[in-house]
Amino acid sequence: MDYTAKIQEIATKLLENGQVDMVIAWEKGDVDYQTRPFVARSVEDVARIVFDEYSVHNLANSLLKFRDGKEKIGIVVKGCDSRGIVRLLEDNQIKRDRLYIIGVNCPGVKDPLKAMKAHSGFVRNGQADEAADKCAHCIQPNPVIYDEIIGEEQSPRVEGERFAQVKEIENLPVDERFRFFEEAFSKCIRCYACRQACVACNCRTCIFDETRPQWVGRETKLSDNMMYHLVRAMHMAGRCIECGECERVCPVDIPLMAINRKLVKDVSELYGPYEAGMKYVEGQKPPLSVYNEKDPDNFL
Ligand code: SF4
Ligand code: SF4
Ligand code: SF4
């Protein structure tokens, strides 16, 4: 199927009818292998919309820019992005009736940076892999919420054991486990790209931006970095929708999905079975946002 043509057709119809004020989609970037988020505000803009193998970004995150407005918004979502929409609806960040959701049954995407490296001529050892890492563990390629859907239904494509890396880390002796995280977090430059790309990181005032009081130091020393990742992990528990964007944008390759999958696994075992953002039920909240007398509390 020609996804681009179909999305352009739907976007034209929505903008012509005045059904939406904008359509959030992707356009081709300035360099090869780059496709980037794009907001079409008129029928003329629609010609710029594309959907191709590099439409990797989770566009649901873009809705946060419009959360205080009244505009009606058309938005194109893949399976993982659609779980981000559920995240925002559950978090009361946007109203369902402001959205017209164009779902794309997702055939999988490529990582632009990996693709640029692969075609740079500097990669040794033959064929470099361009597939986005998140797609190797995709449990939901088909949108879970939409007004219109395009493309053929896809099968989940979890390669190998979903929690293999998590179990490997869990099985390390305590001091080795600590060293694993020490090494990973000592590289963090606290650029906050992982926070900015995350649809679940949607607090209006982030604890890490506060200066009075300053909860966490601004230096990139290990203890402050650990504090950042510990707080973020606590805030993601039961809320991360596994879109993989945090890990993709990290400039120093910190294995953030190992942490996120540990959260997914623990929350599901303790409070589930549960997978965040798989279904929107009005008023429903993720497990750690509600209190139940039967919740495990042995640690208190
Ligand atoms: S994680 Fe799934 S839905 Fe998301 S881009 Fe990859 S294949 Fe598509
Ligand atoms: S994107 Fe990477 S380097 Fe930047 S704050 Fe997040 S973990 Fe640290
Ligand atoms: S923590 Fe990472 S994988 Fe989870 S929702 Fe945020 S960006 Fe996506």
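Residue positions within a chain follow its written sequence, with the count starting from 1. Just so you know, chain letters begin at A and ligand numbers begin at 1, following the order they were written in. In keeping with the predicted nature of the model, local features appear solely for residues at pLDDT of at least 70, side-chain atom pairs appear and are counted solely at 80 or more, and the whole-chain, interface and lining totals rest on all residues. With hydrogens and water excluded, all non-hydrogen atoms of the structure serve as input to the side-chain values.

## Considerations on the packing of helix α5 (residues 174-186) against helix α7 (residues 222-236)
Two quantities define a packed helix pair, namely the angle between the helix axes and the distance between the axes.
Point 1. One can describe the packing of α5 onto α7 by two numbers: an axis separation of 9 Å at closest approach and a directional angle of 100°. The angle between the axes of α5 and α7 places the two elements in the roughly perpendicular class. Only Leu222, Asn225, Met226 and His229 of α7 make contact with α5, whose side of the interface consists of Phe178, Phe181, Glu182, Phe185 and Ser186.
Point 2. Three classes are used: nonpolar for Ala, Val, Leu, Ile, Met, Phe, Trp, Tyr, Cys and Pro, charged for Asp, Glu, Lys and Arg, and polar for all others, with Gly counted as polar. Within the contact of α5 with α7, the residues separate by chemical class into five nonpolar, three polar and one charged. Angles run from 0 to 180 degrees between N-to-C directions of axes, and those axes are lines fitted to C-alpha atoms, restricted for helices to the stretch in contact. In DSSP terms, a helix is any run of H or I states spanning at least four residues, a strand is any run of E spanning at least two, and both are numbered starting from the N terminus. Angular relationships are summarised with four words: roughly parallel below 35 degrees, roughly antiparallel beyond 145, roughly perpendicular across 65 to 115, and oblique for the angles in between. Throughout, a residue-residue contact means that at least one pair of heavy atoms, one from each residue, lies within 4.5 Å.

## As for the pairing of strand β2 (residues 35-40)
Point 1. Here strand β1 (residues 22-28) runs beside β2; their pairing, made up of six bridges, is antiparallel. Counterpart to Ala25 in the pairing with β2 is Phe38.
Point 2. Should DSSP find at least two bridges between two strands, the strands are taken to pair. Here β1 folds back onto β2, and the loop between the two strands holds six residues, one of which, Tyr33, carries a positive phi near 65°.

## Describing the site of ligand 1
Point 1. All residues in the neighbourhood of ligand 1 are listed as Lys78, Gly79, Cys80, Cys106, Gly108, Val109, Lys134, Cys135, Cys138, Gln140, Pro141 and Arg157.
Point 2. Grid points spaced at 1 Å over the protein atoms alone were grouped into cavities, where a 1.4 Å probe fits but cannot get out, and pockets, open sets with protein on both sides within 12 Å along at least five of seven lines, with lining residues defined by an atom within 4 Å of a point. Molecules are considered to sit inside a cavity or pocket once more than half of their atoms lie within 2 Å of its grid points. At a threshold of 2 Å from the grid points, most atoms of ligand 1 map onto the largest cavity.
Point 3. Residues of the shell around ligand 1, tallied by class, amount to six nonpolar, three polar and three charged. Near is defined per residue: the residue qualifies when any heavy atom it owns lies within 4 Å of the molecule or strand.

## With respect to the site of ligand 2
Point 1. Inspection of the region around ligand 2 gives 13 residues, with Cys188, Cys191, Tyr192, Cys194 and Cys250 positioned closest.
Point 2. For the shell around ligand 2, the secondary-structure elements that each account for two or more residues are α6 (193-196) and α7.
Point 3. Split into classes, the residues belonging to the shell around ligand 2 amount to 11 nonpolar, one polar and one charged.

## Describing the side chain of His57
Point 1. Looking at the element boundaries, His57 is found in the loop between β3 (49-50) and β4 (73-77).
Point 2. If we skip the residues at most four places from it in the chain, His57 touches Trp26, Thr35, Arg36, Pro37, Lys78, Asp81, Glu245 and Arg248.

## A look at the layout of surface pockets
Point 1. Looking at the largest pocket, its volume works out to about 640 Å³.
Point 2. Every residue lining the largest pocket is counted, 23 residues in all, and those nearest its centre are Leu230, Ala233, Ile259, Lys262 and Leu263.
Point 3. Secondary structure elements with two or more residues in the lining of the largest pocket: α4 (164-170), α5, α7 and α9 (256-271).
Point 4. The element that contributes the greatest number of residues to the lining of the largest pocket is α9, accounting for eight residues.
Point 5. Tallied by class, the residues present in the lining of the largest pocket amount to 18 nonpolar, one polar and four charged. Grid points are joined across faces, edges and corners, and a volume is the space filled by probe spheres set on the points.

## Some thoughts on the pattern of salt bridges
Point 1. Here a salt bridge means any side-chain nitrogen of Lys or Arg lying within 4 Å of a carboxyl oxygen belonging to Asp or Glu. Here the structure, examined in full by the defined rule, presents 27 salt bridges.
Point 2. Between Glu148 and Lys13 there is a salt bridge, and its shortest N-O distance comes to 3.2 Å. Residue Glu148 is located in strand β7 (residues 148-150), and its partner Lys13 is located in helix α1 (residues 3-17); the two are separated by 135 residues in the primary sequence.
Point 3. The rule is simple: take the accessible area with a 1.4 Å probe, protein chains only, and divide by the maximum for that residue type; under 20% is buried, over 50% is exposed, in between is partly exposed. Classification of Glu148 by relative accessible area gives buried; the value is 19%.
Point 4. The residue Asp91 makes a salt bridge to Arg239 at a minimum N-O spacing of 2.4 Å. Here Asp91 is found in the loop between α2 (79-90) and β5 (99-104), whereas its partner Arg239 is found in the loop between α7 and α8 (245-249), with 148 residues between them in sequence. No difference in accessibility class separates Asp91 from Arg239, as the two residues are buried.
Point 5. Salt bridges sharing common partners tie together Glu170, Lys262, Lys265, Asp266 and Glu269.

## So, α2
Point 1. Helix span, expected: 1.5 Å multiplied by one less than the number of residues in the helix. With 12 residues, α2 extends 17 Å from end C-alpha to end C-alpha; this agrees with the ideal 16 Å at 1.5 Å per step.
Point 2. The secondary structure elements touched by the buried residues of α2 are β1, β4 and β5.

## Side note on the pairing of β4
Point 1. Burial runs high along β4: five of the five residues are buried.
Point 2. Burial along β4 is two-sided: the residues Ile73, Ile75 and Val77 and Gly74 and Val76 are all buried.
Point 3. With five bridges connecting them, β4 and β5 associate as parallel partners. Bridging across to β5, Gly74 finds its partner in Tyr100.
Point 4. Once the chain exits β4 it traverses α2 before rejoining the sheet at β5, and the crossover so formed is right-handed. Here a crossover is taken to be right-handed if, once the strands point away from the viewer, the path from the first strand over the helix to the second is traced clockwise.

## Here we look at the domain arrangement of the protein
Point 1. For each domain, the first and last residues come from an automatic or database assignment. Domain parsing of the protein yields domain 1 (1-160) and domain 2 (161-295).
Point 2. One C-alpha centre belongs to domain 1, the other to domain 2, and the line joining them spans 23 Å.
Point 3. Once two parts are joined, some of their accessible surface, as seen by a 1.4 Å probe, is lost; buried area is that loss totalled over both. Across the interface of domain 1 and domain 2, roughly 2,600 Å² is buried in total on both sides, 50% from carbon and sulfur atoms.
Point 4. Run the count over domain 1 and domain 2 and you get three salt bridges.
Point 5. Among the ionic pairs, Asp68 bridges to Arg204, the shortest N-O distance being 2.8 Å.
Point 6. Here a polar contact is taken to be a pair of N or O atoms separated by no more than 3.5 Å, where protein atoms must pair a possible hydrogen donor with a possible acceptor and residues adjacent in sequence count only if both atoms sit in side chains. One can count 15 residue pairs in polar contact (both at pLDDT 80 or more) joining domain 1 with domain 2.
Point 7. If one sorts the elements of the side of domain 1 that touches domain 2 by residue count, α2 sits on top with eight residues.
Point 8. For the side of domain 1 that touches domain 2, a count of residues per class yields 12 nonpolar, nine polar and 10 charged.

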